[in-house]
Amino acid sequence: MSVSARLDAPRRVAFAAFAQRGFGMFFVGTAASMMADNVEHVISYWVMFQKFHSPELGGFAVISHWVPYLLFSGYSGALAGRIDPRRMIQLGMLLFMSVSVCWGVLIATHTLQVWHAAVLLTIHGCAGVLWGPPSQLLIHDIVDPAHLPSAVRLTATARYVGTFLGPAIGNG
């Protein structure tokens, strides 16, 4: 690309998506959701380790989190293209919250068993599939096409900020 072509290209502003109505709340919601998800990971994995000392359960935690993404993300994205992605995100968040409440009750009452953990970890993995792909599709409804590259970058940043802060807060 020549220098003149680069100078004639439209200038992209790094945070342009924030000028779009609703994107700021989406950004904060994404960061908060990722942070809460990672707080739950730290607490639940620590409790499972302390209670069961099971490397197999630790391995299952990772597998049950990522295999649903591997198997069902394409279907989830296709479904989000046909129905309102906000409803899928809401269902995913409802599952996340239900799992968190169940962890809390089982931990507080000292009744957590291995099978409880396995079921909760599996539901948690499925909830992520209902949230991830539809949230990426929802960006297209929130911002104009001109601001889409900024929105994609900022959404990735929000996810990583939540992933960074979640374990720190969960450890606290």
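Described in the following lines is the structure provided in the data block. (Residues numbered from 1 in each chain as written. Predicted model: local features only at pLDDT ≥ 70, side-chain atom pairs only at ≥ 80, totals over all residues. Heavy atoms only, no water.)

**Quick notes on the environment of Ile 83**
Put simply, the rule reads: In DSSP terms, a helix is any run of H or I states spanning at least four residues, a strand is any run of E spanning at least two, and both are numbered starting from the N terminus. For every residue, the accessible area (1.4 Å probe, protein chains only) is compared with the maximum for its type, and the residue is labelled buried under 20%, exposed over 50%, or partly exposed between those bounds.
Within the fold, Ile 83 resides in the loop between α3 (55–82) and α4 (85–108). Assessed through its relative accessible area of 40%, Ile 83 is described here as partly exposed. Here the alpha-carbon distance between Ile 83 and Ala 36, two residues 47 residues apart in the chain, equals 26 Å.

**A look at the layout of surface pockets**
So the rule is basically this: Only protein atoms enter the calculation, which uses a 1 Å grid: trapped sets of points that fit a 1.4 Å probe without letting it out are cavities, open sets showing protein on both sides within 12 Å along at least five of seven lines are pockets, and any residue with an atom within 4 Å of a point is a lining residue. Grid points are joined across faces, edges and corners, and a volume is the space filled by probe spheres set on the points. Note that Gly is not counted as nonpolar here; it falls among the polar residues with everything else outside the nonpolar set of Ala, Val, Leu, Ile, Met, Phe, Trp, Tyr, Cys and Pro and the charged set of Asp, Glu, Lys and Arg.
Considered as a void within the structure, the largest pocket measures approximately 210 Å³ in volume. In terms of lining residues, the largest pocket is bounded by Met 25, Phe 26, Gly 29, Thr 30, Ser 33, Arg 86, Ile 89, Gln 90, Met 93, Trp 131, Ser 135 and Leu 138. Elements with a minimum of two residues in the lining of the largest pocket: α2 (23–52), α4 and α5 (114–142). When residues of the lining of the largest pocket are assigned to their parent elements, the largest contribution, five residues, is made by α2. Class assignment of the residues belonging to the lining of the largest pocket gives a composition of six nonpolar, five polar and one charged.

**Observations regarding α5**
The condition that has to hold: In this analysis, the expected span of each helix is defined as 1.5 Å times one less than the number of residues it contains. The bend reported for a residue corresponds to the angle between axes fitted to the seven residues ending at that residue and the seven starting there.
A rise of 1.5 Å per residue sets the reference length of α5, with its 29 residues, at 42 Å; its end C-alpha atoms lie 42 Å apart and thus fit the reference within 8%. At Ser 135, α5 shows its strongest bend, of approximately 30°.

**A few points about the nonpolar core**
The nonpolar side chains of a soluble globular protein tend to be buried with one another. Rules: For this analysis, a nonpolar core means a set of buried residues of the types Ala, Val, Leu, Ile, Met, Phe, Trp, Tyr and Cys, connected via side-chain atoms within 4.5 Å. Any two residues whose heavy atoms approach within 4.5 Å at even a single point are treated as in contact.
The biggest cluster of nonpolar side chains holds 19 residues, and the ones touching the most others in it are Phe 23 and Val 143. Within the residue set of this core, elements represented by two or more residues are α2, α4, α5 and α6 (148–171). For Val 143, the residues in contact, after removing those within four places along its chain, are Ala 17, Gln 20, Phe 23, Leu 148 and Ala 151. If you look at the next biggest cluster of nonpolar residues, it comprises 11 residues, including Leu 57, Trp 103, Leu 112 and Ala 117.

**Description of the side chain of Ser 64**
Applied cut-off: N or O atoms closer than or at 3.5 Å make up a polar contact, with two conditions inside protein: a donor-capable atom paired with an acceptor-capable one, and, for residues adjacent in sequence, both atoms drawn from side chains.
Relative to the assigned elements, Ser 64 resides in helix α3. On the accessibility criterion, Ser 64 (5% relative accessible area) is buried. At 3.2 Å, the side chain of Ser 64 forms a polar contact with the backbone oxygen of Ala 61. For Ser 64, the contacting residues outside a window of four places in its chain are Leu 121, Thr 122 and Gly 125.

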